[in-house]
Amino acid sequence: QVQLVESGGGLVQAGGSLRLSCAVSGRTFSSYAMGWFRQAPGKEREFVAAISWSGGLTYYADSVKGRFTISRDNVKNTVYLQMNSLKPEDTAVYYCAADMRPITTAQRMGGPAYWGQGTQVTVSS
C-alpha cells in the first residue's frame, strides 16, 4: 500500500507563489510515476502536471505551462509542485497521485492508483 500526504497549500494573492509537497510512504518511491491534479468547486478534477519515475520527463497542462514546475526527490520520497504567477482560476483542491504506469497512461485507463487527501489552494484577486 502507498500513502500520500500533501502539504503547502494556503491563501495567496494573485501573482504570488506556493510550493506544494507530497510525501510518499509504503513502497519504493522511485518505482512510481507521480502527478498533481486539481479540482475547483463545481468542476471535474483535472490534470495539472506529471513526472516520470526518474524525474527525467515532465508533462504539464496547457493552463499551467510556464508557471508551474513539478519535481521529485527520490531520497526524500517527496514530489513537489512549485506554483508561480498564481491566478484566481488556480484556486482548487490539489491532489497528489501515484502509479506504476506513466500518469498520462493511467489517466486513460481509469486514473492513477493512489491519491492523497488533497490540500486547498486559494488565490485572491
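Residues numbered from 1 in each chain as written. Predicted model: local features only at pLDDT ≥ 70, side-chain atom pairs only at ≥ 80, totals over all residues. Heavy atoms only, no water.

Quick look at the sheet that holds strand β8 (residues 78-83) now. The strand order across the open sheet formed by 4 strands is β1-β3-β8-β7, and the pairing between neighbours is antiparallel. The open sheet has two edge strands, β1 (3-7) and β7 (68-73), and neither has a second partner. Each neighbouring strand pair of the sheet contributes to a mean axis angle of 15°, computed without reference to strand direction. (Pairing = 2+ DSSP bridges. Helix = DSSP H or I, 4+ residues; strand = E, 2+ residues; numbered from the N terminus. Axes fitted to C-alpha atoms, helices over the stretch in contact; angles between N-to-C directions.)

So, on to the environment of R19. Summarising the element assignment, R19 is placed in strand β3 (residues 18-25). The spacing of R19 and F68 is 49 residues in sequence and 9.4 Å in space, taken between C-alpha atoms. Apart from the residues lying within four places of it in its own chain, the contact partners of R19 are S7, G8, Y80, L81 and Q82. (Contact = heavy atoms within 4.5 Å.)

The side chains of a regular strand alternate, residue by residue, between the two faces of the sheet. In this sheet, β3 lies alongside β1 in antiparallel orientation, the contact comprising 5 bridges. Bridging from a neighbouring strand, Q3 pairs with S25 of β3. In the sheet, β3 pairs with β8 via 6 bridges, with the strands oriented antiparallel. Bridging from a neighbouring strand, L18 pairs with M83 of β8.

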